[in-house]
There are 4 protein chains.
Amino acid sequence: DVLVTTGANMVHDLIEALNLHHYKGSSIVNDISLKDDEINRIYDVYLPENHFVDLEEKLQSIFNEFGDERKSIRELLTFIGENLDDKNSILKSAADNDVPIYCPAIQDSVIGLQAWLYKQLNPLNIDVFGDMNEFFDICYSAEKAGAFLVGGGVPKNYIFQSMLITPNEFDYAIQLTMDTPETGGLSGASLDEAVSWGKVGDSAKAVTVYSDATITLPLIIAASKCRLRS
Amino acid sequence: DVLVTTGANMVHDLIEALNLHHYKGSSIVNDISLKDDEINRIYDVYLPENHFVDLEEKLQSIFNEFGDERKSIRELLTFIGENLDDKNSILKSAADNDVPIYCPAIQDSVIGLQAWLYKQLNPLNIDVFGDMNEFFDICYSAEKAGAFLVGGGVPKNYIFQSMLITPNEFDYAIQLTMDTPETGGLSGASLDEAVSWGKVGDSAKAVTVYSDATITLPLIIAASKCRLRS
Amino acid sequence: DVLVTTGANMVHDLIEALNLHHYKGSSIVNDISLKDDEINRIYDVYLPENHFVDLEEKLQSIFNEFGDERKSIRELLTFIGENLDDKNSILKSAADNDVPIYCPAIQDSVIGLQAWLYKQLNPLNIDVFGDMNEFFDICYSAEKAGAFLVGGGVPKNYIFQSMLITPNEFDYAIQLTMDTPETGGLSGASLDEAVSWGKVGDSAKAVTVYSDATITLPLIIAASKCRLRS
Amino acid sequence: DVLVTTGANMVHDLIEALNLHHYKGSSIVNDISLKDDEINRIYDVYLPENHFVDLEEKLQSIFNEFGDERKSIRELLTFIGENLDDKNSILKSAADNDVPIYCPAIQDSVIGLQAWLYKQLNPLNIDVFGDMNEFFDICYSAEKAGAFLVGGGVPKNYIFQSMLITPNEFDYAIQLTMDTPETGGLSGASLDEAVSWGKVGDSAKAVTVYSDATITLPLIIAASKCRLRS
């Protein structure tokens, strides 16, 4: 019903939606050479720097059509999704299927950098707290609520904190993560800890899978498809 | 010169500034009992739920005086700091010393929840991208730039991405973290990876300390004070 | 061709081979209560303490038939395997199929404790270095050598160090682990590091999968069976 | 009173005792070049391969004087220590101060490889289970018992399993580790888990510090020395 994500995830989705690509490289590499070759590294994924030129062009033209009224981050992301053609894009699929995307830290991404650039010469008015109401209304009205967390960070907490202002709690929660509780950070925090806050219900079905989500997520999707078919 | 942080860090600072406290507990505990006792757990730290009642009162009165003009997140945080009395508060110290605080995901915190509550009945107009310009100006004008990272998440990336739009790079970088590169996430990403992006300079002095920051940060502060004295 | 493992793995295999079982529990539990209930915990696996009574009886009778000549650890483990009935047992399967099992730290297990107990009244003569020669002969004579590592510890190093005394190197290596290199320990050490030692060849096909082996091992086995069938 | 350790730790101690050294390098390096330069890498520590030539000469001469009677691993390590001159050596200090060193997986080290080499032409008779009795006698007779664990692996379990065969339990336990419980392995297992087994007492003072032991161990030593002085 709802996707909460990071700006970076949306940037990588946009790049692929523009028919540009990420490449499988290696994490053992000379990063100074990569820089000389204008390749940005994300662990073992390589991203040519010139992709960001095409992305700039696309985003500036989208911002240009977006208007200068006060809008929310969710509205901006829906508008971006509506202006894409790639049916595999998360942003486009979400827009097409009326799935709102919430992204509290959108500034912290190339979308944010492009918005800053656009604002040098043009008006853009996005309200930080503008989409919290619609998000909480969805949480509030849910009869049963489930959270499916891939990784942690801002999205994890933003999803969970929604229950602090409703009488509800999550009835189901799955988290796929490599982060562990011992650091004391929210990303690795156990789902039991969330029970103390009333974010996850005390009789919720909740499970954490400490493993690489690039392995466990496809497994779960495949298993779910398999069960739905039978 | 600049602090980039999370909403949660500022919330915990606010709670202490109100003379309310966090308590040392244990991570091995029955979270359902804690919930019944209205104690929220953060790994091995306990936080009485009623602290949030006092925090609500304080934040609502601050929002009430803040006005309804379009402002930035940084301006909101400076204003909150100016309305505190505790000289040990990070928010107050930053306001007193003209250190700007940037917090891209402020919605993702109890400050965000209180802002939502306030907006149910009152106008509040905070521009998502409103303080990026002043932050980038500071980064742009730095002769030498250093990043001191405690943990990762949004603050780490937000600090580093500032260099993507300047001709500069970080000349110094220290990260204190328990996150490792192998997950592929930004929090654990090596400072070498940041070199490929031009965030950290290829001749920068950069070091990652994989260890608990509650141990390493005080050590570094103590050592720095010691050297400054001699 | 060869299995290198820990004493603990063999103990848990023995317990199952005696038709005793390990139970799925939870890692969030009061360990004092578990102790009162005579249940030993291994993260989220529960092991009734009285299983060790049956194991003692079995091991003492096996030691009793083993004789007092000087033998190697491998010979002891083969003898134990020959005295089991459960065809699913690793020890028995290895004995039946002439797969030698090497276990350098066998003292560090309940097999070790039972050996100590037996030696209080009976002679038992196991040579620490007694089976290194046959192990190295196997490594030496291999035309192509591959290492499949599930976890790290003593078995990982013992497998790799075999190549230090041969002109060979591993041509293939897979490691399934949750341990990362940043601690500096051998368990998480990268396969690249092993290249510097001449343990893994510089043109070897070598890959590390940072993920839970209870997920990745069955996946690999299933995929291998699938390919073999077609 | 007792040191339980790995063969590798003793090998690195021996190398330093021979006035050979380990060098501070980097973990980001081309391991094929290192191999060509005959430098072995241990994460960010470099060890010239020719150190092992000197070590071989030393160990072969020690084995030669050790005799062919059946002895224990502890006796072998004491004998090695007695044949060293470096007063900073762990092996020598332990021998000089009658601190027994137990090392269950001694085969899994260059000491093991050298023992294998020696046995090609000479008799050497080391009993796997030969020193368990004296170790358990020390554990048994302790009025109060404390375990100080730096890292995990075989030494951690070997220390803890000693209490399975005594009516005692550890009254104090400190573990300095980067390993976390979520993998299910013994190295990261919590001290609470050890309570269920009766290894650590249910009213023991036990604490785990999840942090780099190269930082925390010197801190603890310095603090202890400081307290002892006052």
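Residues numbered from 1 in each chain as written. Chains lettered and ligands numbered in written order. Predicted model: local features only at pLDDT ≥ 70, side-chain atom pairs only at ≥ 80, totals over all residues. Heavy atoms only, no water.

Naming follows an unreviewed UniProt entry, where chain A appears as Deoxyhypusine synthase of Methanosalsum natronophilum. UniProt lists a comment for chain A under the heading Sequence similarities (unreviewed entry), and it reads "Belongs to the deoxyhypusine synthase family." (UniProt positions renumbered as here; feature names shortened; annotations may be inferred.)

Novice: Before we go on, may I ask you to explain the interface of chain A and chain B in this structure?
Specialist: Each partner contributes to the interface: chain A provides 59 residues, whereas chain B provides 59 residues. Each partner contributes to the roughly 5300 Å² buried at the junction of chain A and chain B, and carbon and sulfur atoms together form 60% of this total. Together, Gln107(A), Trp116(A) and Phe129(A) form the three largest contributors to the area buried by chain A at its contact with chain B, with a combined 14%. The interface formed by chain A and chain B includes eight salt bridges. (Contact = heavy atoms within 4.5 Å. Buried area = accessible area lost by both parts, 1.4 Å probe. Salt bridge = Lys/Arg side-chain N within 4 Å of Asp/Glu carboxyl O.)

Novice: Just checking my understanding: could you explain the state of the cysteines for this structure?
Specialist: Should the sulfur atoms of two cysteines be covalently bonded, the bond is a disulfide. Evaluation of the coordinates by the stated rule reveals zero disulfides over all chains. Cys139(A) carries a free sulfur, and the closest cysteine sulfur to it, the one in Cys103(A), is 16 Å from it. For Cys139(A), a relative accessible area of 9% corresponds to the buried category. The thiol of Cys226(C) is unpaired, and the distance to the nearest cysteine sulfur, on Cys226(A), comes to 13 Å. For Cys226(C), a relative accessible area of 49% translates into the label partly exposed. (Disulfide = S-S within 2.5 Å. Buried < 20%, exposed > 50% of the residue type's maximum accessible area, 1.4 Å probe, protein only.)

Novice: Can you walk me through the pattern of salt bridges in this structure?
Specialist: All told, the structure shown has 32 salt bridges over all chains when counted by the stated rule. Residue Glu134(D) pairs with Arg74(D) through a salt bridge whose shortest N-O separation is 2.6 Å. Here Glu134(D), found in helix α7 (residues 132–141), pairs with Arg74(D), found in helix α4 (residues 73–82); they are 60 residues apart in sequence, far enough to count as distant. For Arg74(D), a relative accessible area of 17% gives the class buried. By sharing partners, the salt bridges in this structure join Asp31(A), Arg41(A) and Glu193(B) into a single network. (Helix = DSSP H or I, 4+ residues; strand = E, 2+ residues; numbered from the N terminus.)

Novice: Would you take a moment to explain the relation of the copies chain A and chain C for this structure?
Specialist: Relating one copy of the chain to the other takes a rotation about an axis and a shift parallel to that axis. With an axial shift of 0.0 Å and an RMSD of 0.0 Å, the rotation relating chain A to chain C amounts to 180 degrees. Taken together, the rotation angle and the small translation identify this as a two-fold axis. Within chain A, the C-alpha atom positioned nearest to the axis of rotation is that of Ser211(A), 2.3 Å from it. Comparing interface residues between copies, 100% of those in chain A also lie at the interface in chain C; the contact surface is shared. (Least-squares fit on C-alpha atoms with pLDDT ≥ 70 in both.)

Novice: So what exactly am I meant to see when it comes to the side chain of Gln175(A) here?
Specialist: All names here are of chain A. Mapped onto the fold, Gln175 is located in strand β9 (residues 170–177). Within polar-contact distance, the side chain of Gln175 engages the side chain of Thr208 at 3.1 Å. If we ignore the near neighbours within four places in the chain, the residues touching Gln175 are Leu149, Lys156, Ser187, Ala189, Ser190, Leu191, Val207, Thr208 and Val209. (Polar contact = N/O pair within 3.5 Å; in protein donor to acceptor, adjacent residues only side chain to side chain.)

Novice: Which parts of the structure should I look at to understand the packing of aromatic side chains?
Specialist: Between two aromatic rings, the relevant description is the distance of the centres plus the angle of the planes. Applying the stated criterion to the full structure yields 32 aromatic pairs over all chains. The interplanar angle of 35 degrees and the centroid separation of 5.7 Å between the aromatic rings of Phe135(A) and Phe136(A) together place this pair among those described as tilted. We note that Phe135(A), like Phe136(A), is buried. Ring geometry for Phe160(A) and Phe170(A): centres 5.7 Å apart, planes at 50 degrees, overall tilted. Taken together, the positions of Phe160(A) in helix α8 (residues 153–161) and Phe170(A) in strand β9 put the pair ten residues apart, joining distant regions of the chain. An aromatic cluster of at least three residues, connected via ring pairs, comprises Tyr102(A), Phe135(A), Phe136(A), Tyr158(A) and Trp116(B). A cation over an aromatic ring shows up here: Lys199(D) above the ring of Trp197(D), its NZ or CZ 4.3 Å from the ring centre. (Phe/Tyr/Trp six-rings, centres within 6.5 Å; stacked < 30°, edge-to-face > 60°. Lys NZ or Arg CZ within 6 Å of the ring centre and 35° of its normal.)

Novice: Got a minute to help me understand the domain arrangement of chain A in this structure?
Specialist: Interface size is commonly expressed as the accessible surface area that is lost when the partners come together. Residue and element names in this part refer to chain A. For chain A, the domain assignment lists domain 1 (3–130) and domain 2 (143–229). Placing the centre of domain 1 and that of domain 2 at their C-alpha centroids yields a distance of 25 Å. Taken residue by residue, the interface counts five residues in domain 1 and four residues in domain 2. Interface of domain 1 and domain 2: buried area, both sides summed, is about 390 Å²; carbon and sulfur atoms make up 94% of it. (Domains from an automatic or database assignment.)

Novice: Help me understand a negative patch on the surface in this model?
Specialist: Residue and element names in this part refer to chain A. A cluster of acidic residues, Asp36, Asp37, Glu38 and Glu49, forms a negative patch at the surface. Examined against the element boundaries, Asp36 turns out to sit in helix α2 (residues 31–36). For Asp36, a relative accessible area of 58% puts it in the exposed group. (Patch = residues over 30% accessible without salt bridge, like charges linked within 9 Å, V, L, I, M, F, W, Y side chains within 5 Å. Areas by Shrake-Rupley, 256 points an atom, 1.4 Å probe, with all protein chains shown as cover. Lys, Arg positive; Asp, Glu negative; His and termini not counted. Charge placed at Lys NZ, Arg CZ, Asp CG, Glu CD.)

Novice: Can you walk me through the packing of helix α3 (residues 51–66) of chain D against α4(D) in this structure?
Specialist: All names here are of chain D. Between α3 and α4, the least distance of the axes is 10 Å, while the angle of their chain directions is 120 degrees. Here α4 runs oblique to α3, going by the angle between their axes. Seen from above, α3 lies across α4 with right-handed handedness. Residues Leu59, Ile62, Phe63, Glu65 and Phe66 of α3 pack against Glu75, Leu76, Phe79 and Ile80 of α4. (Axes fitted to C-alpha atoms, helices over the stretch in contact; angles between N-to-C directions. Parallel < 35°, antiparallel > 145°, perpendicular 65-115°, else oblique. Left-handed = near helix turned anticlockwise from the far one by under 90°.)

Novice: Where do I start with α8(A) in this structure?
Specialist: Residues spaced three or four apart along an α-helix point in a common direction, a consequence of the helix completing one turn every 3.6 residues. Counting buried positions along α8(A) gives eight out of nine residues, so the element sits mostly inside the fold. Within α8(A) the residues assigned to the buried category are Val154(A), Pro155(A), Lys156(A), Asn157(A), Tyr158(A), Ile159(A), Phe160(A) and Gln161(A).

Novice: Quick question: what am I supposed to make of the interface of chain A and chain C here?
Specialist: Across the boundary between the two partners, chain A contributes eleven residues, which contact eleven residues of chain C. When residues of chain A are sorted by the area they lose upon contact with chain C, Met178(A), Tyr210(A) and Ile215(A) head the list and together hold 44% of the total. Our count for the chain A to chain C interface comes out at three residue pairs in polar contact (both at pLDDT 80 or more). Of all elements in the fold, only β10 (200–210) and α10 (213–229) of chain A reach the threshold of two or more residues within the side of chain A that touches chain C.

Novice: Please explain the sheet that holds strand β3 (residues 39–42) of chain A as it appears in this structure.
Specialist: What links the strands of a sheet is backbone hydrogen bonding, and the strands pair in either a parallel or an antiparallel sense. Residues and elements named next belong to chain A. One open sheet accounts for three strands, arranged β2-β4-β3; its pairing is antiparallel. The open sheet has two edge strands, β2 (23–24) and β3, and neither has a second partner. Pairing geometry for β2 and strand β4 (residues 45–48), over two bridges, is antiparallel. Looking across to β4, one finds that Lys24 is bridged to Val45. Together, β2, β3 and β4 form the strand contacts of helix α3 (residues 51–66), whose direction differs from that of β4 by roughly 60 degrees. (Pairing = 2+ DSSP bridges.)

Novice: Hey, could you run me through the environment of Glu134(A) in this one?
Specialist: Residues and elements named next belong to chain A. For Glu134, a relative accessible area of 27% translates into the label partly exposed. Spatially, the C-alpha atom of Glu134 lies 9.3 Å from that of Pro100, the residues being 34 residues apart in sequence. Look past the residues within four positions of Glu134 in its chain and what remains in contact with it is Arg74, Pro100 and Tyr102. Within the local environment of Glu134, its side chain forms a polar contact with the side chain of Arg74, the two groups lying 2.6 Å apart. Separated by 2.7 Å, the side chains of Glu134 and Tyr102 make a polar contact.

Novice: Whenever I open this one, the pairing of strand β10 (residues 200–210) of chain C confuses me. Can you help?
Specialist: Each regular strand displays side chains that alternate between the two surfaces of the sheet. Residues and elements named next belong to chain C. Two elements, strand β9 (residues 170–177) and β10, share seven bridges in a ladder whose sense is parallel. Within the sheet, the bridge partner assigned to Tyr172 lies in β10 and is Lys205. With respect to chirality, the unit in which β9 leads through helix α9 (residues 191–196) into the neighbouring parallel β10 is right-handed. (Right-handed = clockwise from strand over helix to strand, strands pointing away.)

Novice: How should helix α1 (residues 7–17) of chain B be read in this particular structure?
Specialist: Residue and element names in this part refer to chain B. Within α1, the full set of buried residues consists of Gly7, Met10, Val11, Asp13, Leu14, Ile15 and Ala17. Elements in contact with the buried residues of α1: β4 (45–48), α3 (51–66), α4 (73–82), α5 (90–96), β6 (101–102) and α6 (110–119). Note on α1: the residue one or two positions beyond its end, Asn19, has a positive phi of about 65 degrees.

Novice: Before we go on, may I ask you to explain the packing of helix α1 (residues 7–17) of chain A against α3(A) in this structure?
Specialist: Between two packed helices, the angle of one axis relative to the other and the distance separating the axes together describe the packing. All names here are of chain A. Two elements in contact, α1 and α3, have axes separated by 10 Å at closest approach and are oriented at 95 degrees. Relative to α3, α1 is oriented roughly perpendicular. Residue-level contacts link Val11, Leu14 and Ile15 of α1 to His51, Phe52, Leu55 and Leu59 of α3.

Novice: Can you walk me through the pairing of β4(B) in this structure?
Specialist: All names here are of chain B. In this sheet, β4 lies alongside strand β3 (residues 39–42) in antiparallel orientation, the contact comprising four bridges. The partner of Arg41 across the bridge, within β4, is Tyr46. Linking β3 to β4, which pair antiparallel, is a turn of two residues; within it Tyr43 sits at a positive phi near 50 degrees.

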